[in-house]
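Descriptive analysis of the structure
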Amino acid sequence: MRKYDVVIVGAGPSGLTAAIYAARANMKVLLLDKLAPGGQIINTNEIQNYPGVGNIPGADLAYQMFEHVQSFDHVTFDYKTVVEIKEDTEGKLVVCKEDDEVIGANAVIVATGTSPRRLNIPGEAPFLGHGISWCAICDGAQFANREVVVIGGGNSAVEEATFLAPSVTHLSLITLYDLTADRIACERLRSFSNVTIWTFQDVLKFTGDDKLCGVKIKSTITGEEKTVECDGVFEYIGLIPITDFLEKNKILNSAHYVSVDDKMHTKMKGVFAAGDCIEKNLRQVITACADGAIAAQEASHYVKEIQNGSEKK
């Protein structure tokens, strides 16, 4: 069985930062992720508010972070899906799905992030990945010179709609409430002449037979229904924490986010959490990195206490 001082589950900004800080504390680190390092920022067209960097494609920032991690000899990265964190008399055991591998760890940092929420309405399932997407930078090119719909009114929806608008013939943004994105982002989107914003609209169904043709909506104010024709849809209606594998550990709140204190400790001794998967008010790259740094520092202190205790014995 492989054994490490610290095992980090998730290689988004929080996990990558945690790996850097744990490595600098001279920990033997294993960084696990089922996908490519970088998390959600890989699918972000442009990040404008990461201090000292300025405007940068999300994939580029992710690559730079991972390069930094790889500069440390005692950090190992592996593609694994973690299905359980158990505890035995000697420490934590991380169980991986692909080959039922069990990995030993003195401390574990959960940094699994979130996944996009779906509407779960009629007509959605047949077009998932075939007309309905959650990544404008990944799939936007296939809708060039066509009509698209963006669903959502927060920063992600508005920013991705702004990215799409220059390349499409028409873009309709549909949101259940008013726009909640920051003022500058909203002003940029409204500056496009080919953009229509539909506020206070409930999305009822997706229409189409072999291909997506439109989105049926209903005003929450007047009750009026109409169908917005389109060739593609991008959904940005919120996030779901990737924490199902922690249900048995009883460290989740009612919304399935990991409960932590201000030092990223969970209720399970030796298990820490960081980034978008924890209960918090602001989910941004900068806050994820801060969480990761704190979690790694606390995990390193915890491991050193265990090591010092073993030496005294």
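Use the structure listed above.
The residue count restarts for each chain, going from 1 along the sequence in the order it is written. Under the rules for a predicted model, residues below a pLDDT of 70 receive no local features and side-chain atom pairs below 80 are neither given nor counted, while totals for whole chains, interfaces and linings still include all residues. Side-chain metrics rest on all non-hydrogen atoms present in the structure, leaving aside hydrogens and water.

A few points about the state of the cysteines
Selection rule: In this description, a disulfide is simply a cysteine sulfur pair whose atoms lie within 2.5 Å. Each residue gets one of three labels from its accessible area relative to the maximum for its type: buried under 20%, exposed over 50%, partly exposed in between, using a 1.4 Å probe on protein chains only.
Evaluated as defined, the whole model comprises 0 disulfides. Free cysteine: Cys213, not disulfide-bonded; nearest cysteine sulfur from Cys230 at 8.2 Å. Overall, Cys213 belongs to the partly exposed group, its relative accessible area being 40%.

Examining helix H4 (residues 155–164)
Note the following rule: Each helix is a run of DSSP H or I of at least 4 residues and each strand a run of E of at least 2, with the numbering of both proceeding from the N terminus. Contact between two residues is taken to exist if any of their heavy atoms lie within 4.5 Å; hydrogens are not considered.
Taken together, the buried positions of H4 are Ala157, Val158, Glu160, Ala161, Thr162 and Leu164. Where H4 is buried, its residues touch helix H3 (136–139), strand E9 (147–151), strand E10 (170–174), helix H5 (183–190) and strand E15 (232–235).

A look at unusual backbone geometry
Despite not being glycine, Asp100 has its phi angle at roughly 55 degrees, a positive value. Take Asp100: it is sitting in the loop between strand E5 (91–96) and strand E6 (102–110). Note on Asp100: relative accessible area 61%, which makes it exposed. Even without being glycine, Asn120 reaches a positive phi, approximately 55 degrees. Relative to the assigned elements, Asn120 resides in the loop between strand E7 (114–116) and strand E8 (132–133). The exposure class of Asn120 is exposed, given its relative accessible area of 65%.

A look at the packing of helix H1 (residues 13–24) against helix H2 (residues 58–70)
Between two packed helices, both the angle of their axes relative to each other and the distance between the axes serve to describe the pair. Just so we agree on the cut-off: Every angle, taken between N-to-C directions, lies between 0 and 180 degrees, and every axis is a line fitted to C-alpha atoms, over only the stretch in contact when it is a helix. For classification, angles of less than 35 degrees are called roughly parallel, those exceeding 145 degrees roughly antiparallel, those between 65 and 115 degrees roughly perpendicular, and all remaining angles oblique. Crossing chirality is assigned from the near helix's rotation relative to the far helix, an anticlockwise turn below a right angle marking it left-handed and a clockwise turn marking it right-handed.
For the pair H1 and H2, the least separation of the axes is 9 Å and the interaxial angle reads 25 degrees. Judged by the inter-axis angle, H1 sits roughly parallel to H2. The two elements H1 and H2 meet at a crossing, and its hand is left-handed. Within the contact between the two elements, H1 uses Pro13, Leu16, Ala19 and Ile20 and H2 uses Ala62, Met65, Phe66, His68 and Val69.

A look at H1
The criterion, for reference: Residue count minus one, scaled by 1.5 Å, sets the expected span of a helix.
In this model H1 runs 17 Å from its N-terminal to its C-terminal C-alpha over 12 residues, within 8% of the 16 Å that 1.5 Å per residue would give. Counting buried residues along H1, 10 of its 12 residues qualify, which places the element largely inside the surrounding structure. Listing the buried residues of H1 in full gives Pro13, Ser14, Gly15, Leu16, Thr17, Ala18, Ala19, Ile20, Ala22 and Ala23. Immediately beyond the C-terminal end of H1, within one or two residues, lies Asn26, with a positive phi of roughly 70 degrees.

Remarks on the pairing of E15
Definition in use: Only strands joined by at least two bridges in the DSSP assignment are considered to pair.
Alternating positions in E15 separate into two faces, Gly232 and Phe234 on one and Val233 and Glu235 on the other, with burial throughout. Two elements, E8 and E15, share 2 bridges in a ladder whose sense is parallel. Paired with Ile132 across the bridge in E15 is Val233. Here E9 runs beside E15; their pairing, made up of 4 bridges, is parallel. Bridge pairing links Val148 to Gly232 in E15.

With respect to the nonpolar core
Our working rule: Put simply, a nonpolar core is a bunch of buried Ala, Val, Leu, Ile, Met, Phe, Trp, Tyr and Cys residues held in one set by side-chain atoms that sit within 4.5 Å of each other.
In terms of nonpolar packing, the biggest core is built from 60 residues, with Val7, Ile85, Ile109, Val110 and Val258 touching the most fellow members. Sort the elements by how many residues they give to this core and helix H6 (residues 285–312) lands first, with 7 residues. Not counting residues within four places of it along the chain, the set of residues in contact with Val258 comprises Thr243, Leu246, Ile251, Leu252, Thr266, Ala273, Cys277, Ile278 and Glu279. Core analysis: the next-biggest nonpolar cluster, separate from the first, contains 20 residues, Leu164, Leu171, Cys186 and Tyr236 among them.

With respect to the environment of Ser219
Note that Ser219 resides in strand E13 (residues 214–219). Sequence spacing of Ser219 and Leu176 is 43 residues, and the spatial spacing of their C-alpha atoms is 8.7 Å. Each residue touching Ser219, except ones within four places of it in the same chain, is listed here: Phe200, Gln201 and Glu224.

Some thoughts on the pattern of salt bridges
Close approach of charged atoms allows side chains with opposite charge to pair. This is how the line gets drawn: We define a salt bridge as a contact between a side-chain nitrogen of Lys or Arg and a carboxyl oxygen of Asp or Glu at a distance within 4 Å.
For the structure shown, the criterion picks out 9 salt bridges. With a shortest N-O distance of 3.8 Å, Lys211 and Asp231 are connected by a salt bridge. Here Asp231 lies in the loop between strand E14 (225–229) and E15 and Lys211 lies in the loop between strand E12 (201–207) and E13, a separation of 20 residues in the sequence. Residue Lys211 is classed as partly exposed on the basis of its relative accessible area, which comes to 43%. Here the salt bridges share partners, and the residues they tie into one network are Arg2, Asp78, Lys80, Asp99 and Glu101.

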